[in-house]
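What follows is each chain in one-letter form.
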Amino acid sequence: MTESSRRIVIEPVTRVEGHGKVTILLDERHRVREARLHIVEFRGFERFVQGRPYWEVPVLVQRLCGICPVSHHLAASKAMDLIAGVERLTPTAEKIRRLMHMGQIFQSHALHFFHLASPDLLFGFDADPAVRNVLGVAQKHPELARQGVLMRKYGQEVIRATGGKRVHAIVAVPGGVNKSLSAAERDALLADVERMTDWAEAAVGVARDYTLDNLEQIADFGSFTSSHLGLVRADGALELYDGLLRAVDETGQVIFDRLENDRYAEVLAEEVRSWSYMKFPFIRSLGPERGWYRVGPLARLNVCERITTPRAEAARRAFFAALGDPPCQVTMAYHWARMIEVLHAVEAIHELLLDPDITGDELLRSGTRREEAVGVIEAPRGTLFHHYRVDENDQVTMANLIVSTTSNNEPMNRAVRQVAEQHLSGRDRITEGLLNHVEVAIRAYDPCLSCATHALGQMPLAVELRDADGRLLDRRTRG
Amino acid sequence: MNGRLTITVDGRRIEARAGQTILEACQDAGVYVPRLCAHPKLSVYGSCRVCTCLVGGRATAACVQPVQPGMVIENDSDRVLEIRRTIIEMLFVEGNHFCMVCEKSGDCELQALAYRFGITHPRFPYMFPERPIDAGHPELLLDHDRCVLCGRCVRASAELDGKSALGFAGRGLRRRIEADGPRGLAGTDATGDDTIAEVCPVGALLRKGTAYRTPYGRRRYDHEPIGGDIDAPCGEAQEDR
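Residues numbered from 1 in each chain as written. Chains lettered and ligands numbered in written order. Predicted model: local features only at pLDDT ≥ 70, side-chain atom pairs only at ≥ 80, totals over all residues. Heavy atoms only, no water.

## Things to note about the sheet that holds strand 5 (residues 72-74) of chain B
All names here are of chain B. Strand order in the open sheet made by the five strands is 2-1-5-3-4, with mixed pairing throughout. Since the sheet does not close on itself, it has two edges, and those belong to strand 2 (12-17) and strand 4 (58-61), each with one partner. Across the sheet, the axes of successive neighbouring strands diverge by a mean angle of 40°, strand direction being ignored. Each of strand 3 (52-55) and strand 5 touches helix 2 (residues 78-94); the most contacted strand, strand 3, lies at about 150° to it. (Pairing = 2+ DSSP bridges. Helix = DSSP H or I, 4+ residues; strand = E, 2+ residues; numbered from the N terminus. Axes fitted to C-alpha atoms, helices over the stretch in contact; angles between N-to-C directions. Contact = heavy atoms within 4.5 Å.)

Dropping the structure here:
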């Protein structure tokens with residue numbers, strides 16, 4: 001650090017899932033020299049699943065997270081189906097898992113939009129933090145807040161009906177599921193599904209209006225051109241549970257398409273950097289400098305050609321009609337894309353509940369054991385890879401996970417740097433509102449840094465300005 | 001004498017048969033005595049001490065102590081419950097018991113005892129022993145991390161299956177269940193049809209290919225605490241485990 005440079009630390013980043021911090025280094029003219037998002041947790045699951053019997057893994061890995069355990073449960077289960085030699089599940093098993101997954105997408109996206117992101121969108125990035133929180137939303141927009149709470153609850157109820165519990169549910173076992181829905185469970189979910197669909201469509205409207213009303217301000221906010229990655233169906237439609245890999249570059253040109261999941265390592269590699277526990281994945285053919293990409297709702301809309309459910313497809317068309325042809329590179333449009341997926345999830349839930357297979361009793365299949373398998377799923381935050389090798393004694397010998405947020409590591413770092421340059425550079429006094437701009441850019445990705453941490457009014461945020469000798473120049477705290 | 005006698009358990013007079021253990025007599029009278037090593041199909045062993053009660057003020061294992069006329073037994077006093085709670089806590093810290101991912105969760109007697117005794121965490125430091133998994137058998141798996149050395153499997157192999165697939169090896173902290181032969185369970189004549197996995201009170205001896213097949217809400221202890229089939233219920237089973 002030079003004599004008069006300054007270092008700003010935002011620790012922890014708030015209203016995200018997990019623990020992270022941001023450091024911003026300013027030079028003597030208060031210009032941003034470096035800005036980084038650090039992930040300060042180390043989880044180590046890839047190591048400690050080694051030696052465990054393979055059927056335990058789908059249950060074990062969901063302890064990675066209290067927010068998206070379903071995603072890890074299902075991604076690992078998809079891999080372990082193949083380890084158990086089962087290529088195709090019974091219709092009931094596949095639909096039960098899809099239903100659970102849609103419940104997860106629905107609740108996770110609702111949680112993020114209404115509880116974590118909406119205060120920034122409704123009140124402004126630099127509004128009074130005493131108002132800019134979920135209680136402020138409840139006071140000023142009580143109906144919206146109520147819908148957010150009940151939508152999340154509905155998604156959790158879908159998870160509970162399929163897996164027995166709202167958090168850390170268990171339904172998938174290698175080769176199938178351990179239960180289907182009873183008629184009573186199905187009917188209880190059906191009773192509310194139309195109201196949830198209407199609310200989801202209204203949430204799309206809130207996100208759309210916010211995006212279009214503020215497009216001038218947010219078009220460049222933390223935005224940049226990038227490649228995008230996601231799963232698609234064989235016909236190119238959006239697919240969240242079991243699809244093929246597709247990536248497009250910054251111009252929308254296909255980099256790879258309809259790639260089988262077990263070939264992911266041919267096209268993706270991971271780079272390790274010394275200052276973060278999170279790896280930096282990249283597309284091999286483009287190299288580490290240019291090969292980074294985005295995943296999650298915006299990336300999924302950018303790689304798919306259509307959505308299979310009608311209201312979400314109409315919303316997708318409206319999205320690109322307003323923002324231009326894909327790929328859309330507006331970071332803040334993640335929110336709108338996320339709500340389109342909420343609508344798709346609840347439409348898919350409705351279809352699945354009306355399917356007679358959902359109460360079927362053919363739950364399991366068996367096959368011939370294999371040694372290696374890959375399971376890929378579109379988690380709420382993006383493409384999630386689980387890769388395992390299992391020995392002849394049924395014990396795991398290798399595990400590699402590329403978690404959604406990991407893929408968004410480089411984009412989030414770029415967003416942090418860009419917002420810091422746009423809003424912090426050249427200022428000798430940094431306000432809480434300005435620092436919140438940095439967090440807003442991170443929040444657009446809904447990063448899950450692992451366990452849930454959001455607790456209104458209790459989340460400490462400490463920002464310190466220090467000179468080159470480490471002397472404290474300015475300090476702001478929140479919480 | 002017709003072989004009947006009377007004992008007093010927690011101030012209540014109970015009729016028992018001569019030759020019965022305290023545990024058996026109490027069970028017949030609808031009084032639950034917690035246990036791990038005791039099993040109705042197996043010979044008595046007295047290793048886990050979870051059934052400890054006070055007879056005339058002296059601690060004794062109810063599963064091995066025969067009843068005597070006029071015996072005065074404490075089974076539900078604060079002191080007895082504290083002894084048992086301490087023993088259960090020690091069993092937890094001595095092994096590596098991760099209930100949240102264990103396939104026996106909801107069907108595990110050790111876990112169920114912890115719930116019955118209201119144990120949310122142990123007072124003692126975890127020992128985190130390094131113990132291997134014997135996974136070489138095609139139908140069975142022995143996870144030493146979860147073994148409480150109750151010896152049910154050793155007795156079941158000999159007494160019910162007519163084999164000697166398992167025994168004890170080592171002493172003190174190194175004591176462990178050992179398969180009869182250098183290749184672990186795979187080198188024994190044990191099969192998946194044997195009773196050794198069925199009698200295991202924890203998730204140590206498991207049949208492969210059966211994990212997590214029972215959904216939440218249908219597992220043995222999801223709705224009734226352990227011992228609830230013997231005595232009056234002592235609280236609601238928790239939904240989330």
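## What about the domain arrangement of chain A?
Residue and element names in this part refer to chain A. Looking at the assigned domains, one finds that chain A contains domain 1 (6-43 + 413-478) and domain 2 (89-218 + 345-363). Across the contact, 12 residues belong to domain 1 and 14 residues belong to domain 2. Summed over both sides, the interface between domain 1 and domain 2 buries roughly 1200 Å², with carbon and sulfur atoms accounting for 58% of that surface. Here domain 1 and domain 2 share one salt bridge between them. Note that D120 and R443 form a salt bridge whose closest N and O atoms lie 2.7 Å from each other. Viewed at the interface, domain 2 and domain 1 are joined by four residue pairs in polar contact (both at pLDDT 80 or more). (Domains from an automatic or database assignment. Buried area = accessible area lost by both parts, 1.4 Å probe. Salt bridge = Lys/Arg side-chain N within 4 Å of Asp/Glu carboxyl O. Polar contact = N/O pair within 3.5 Å; in protein donor to acceptor, adjacent residues only side chain to side chain.)

## Some points on the pairing of strand 8 (residues 166-169) of chain B
All names here are of chain B. As paired strands, strand 8 and strand 9 (residues 176-179) are joined by four bridges and run antiparallel to one another. Following the sheet pairing, F168 is matched in strand 9 by I177. Counting the residues between successive antiparallel strands, the hairpin from strand 8 to strand 9 contains six residues, one of them, G170, with a positive phi of roughly 75°.

## Concerning the packing of aromatic side chains
Following the criterion strictly, the structure yields 12 aromatic pairs over all chains and no others. Between the aromatic rings of Y334(A) and Y445(A), the centroid separation amounts to 4.8 Å while the plane-to-plane angle is 50°, which identifies the pairing as tilted. Of this pair, Y334(A) sits in helix 13 (residues 334-353) while Y445(A) sits in the loop between helix 16 (432-443) and strand 15 (461-466), and the two are 111 residues apart along the sequence. There is no split in this pair, since Y334(A) and Y445(A) are both buried. By way of ring pairs, the aromatic residues F319(A), F320(A) and W336(A) are connected into one cluster. If you follow R175(B) out to its NZ or CZ, it ends over the ring of F168(B), 3.9 Å from the centre. (Phe/Tyr/Trp six-rings, centres within 6.5 Å; stacked < 30°, edge-to-face > 60°. Buried < 20%, exposed > 50% of the residue type's maximum accessible area, 1.4 Å probe, protein only. Lys NZ or Arg CZ within 6 Å of the ring centre and 35° of its normal.)

## Side note on the interface of chain A and chain B
Accessible area lost upon the coming together of the parts is a frequently used measure of interface size. Opposite the 23 residues of chain A that make contact, chain B presents 21 residues. Taken together, both faces of the contact between chain A and chain B bury some 1900 Å²; the carbon and sulfur share is 56%. It is W55(A), K165(A) and N178(A) in chain A that bury the most area against chain B; as a group they hold 29% of the surface buried on that side. On the surface where chain A and chain B come into contact, there are four salt bridges. The shortest N-O distance in the salt bridge between K208(B) and D394(A) comes to 2.8 Å. At the boundary of chain A with chain B, the tally comes to eight residue pairs in polar contact (both at pLDDT 80 or more). Contributions of two or more residues to the side of chain A that touches chain B are made by helix 2 (57-60) and helix 6 (142-163) of chain A. For the side of chain A that touches chain B, the class distribution of residues is eight nonpolar, seven polar and eight charged. (Nonpolar A, V, L, I, M, F, W, Y, C, P; charged D, E, K, R; others polar.)

## Some thoughts on the pattern of salt bridges
Two side chains with opposite charge may pair up if their charged atoms get near one another. Within this structure, the stated rule accounts for 51 salt bridges over all chains. Between E94(A) and R98(A) there is a salt bridge, with the nearest N and O atoms lying 3.0 Å from each other. Highlighted residues: E94(A) and R98(A), both in helix 4 (residues 91-123), separated by four residues, approximately one helical turn. Assessed through its relative accessible area of 16%, R98(A) is described here as buried. Each of R52(A), E56(A), D143(B), D145(B) and R146(B) takes part in salt bridges that share partners, so that together they form one network.

## Focus on the sheet that holds strand 13 (residues 382-390) of chain A
Residues and elements named next belong to chain A. Strand order in the open sheet formed by three strands is 12-13-14, with antiparallel pairing between adjacent strands. For this open sheet the edge positions go to strand 12 (372-379) and strand 14 (396-402), each flanked by a neighbour on one side alone. Direction aside, the axes of adjacent strands within the sheet are offset by 15° on average. Bridge analysis of strand 12 against strand 13 gives eight bridges, and the strand direction is antiparallel. By the bridge assignment for strand 13, I377 is matched with L384. This element, helix 3 (residues 69-83), spans strand 12 and strand 13 of the sheet and lies at about 150° to strand 12.

## A short note on the side chain of N178(A)
Topologically, N178(A) is positioned in the loop between strand 5 (176-177) and helix 7 (183-213). A relative accessible area of 6% means that N178(A) is categorised as buried. Reaching out from N178(A), the side chain makes a polar contact with the backbone oxygen of Y212(B) at a distance of 3.0 Å.

## Considerations on the nonpolar core
One finds I24(A), F106(A) and F319(A) to be the most contacted residues of the largest nonpolar core, which totals 102 residues. With 13 residues, the top contributor of residues to this core is helix 13 of chain A. When residues of this core are sorted by domain, at least three fall in each of domain 1 (6-43 + 413-478) and domain 2 (89-218 + 345-363) of chain A. Not counting residues up to four positions away in its chain, the partners in contact with F319(A) are L298(A), L301(A), C328(A), A333(A), W336(A), A337(A) and I340(A). Core analysis: the next-biggest nonpolar cluster, separate from the first, contains 63 residues, L5(B), V50(B), C63(B) and I73(B) among them. (Core = buried A, V, L, I, M, F, W, Y, C linked by side-chain atoms within 4.5 Å.)

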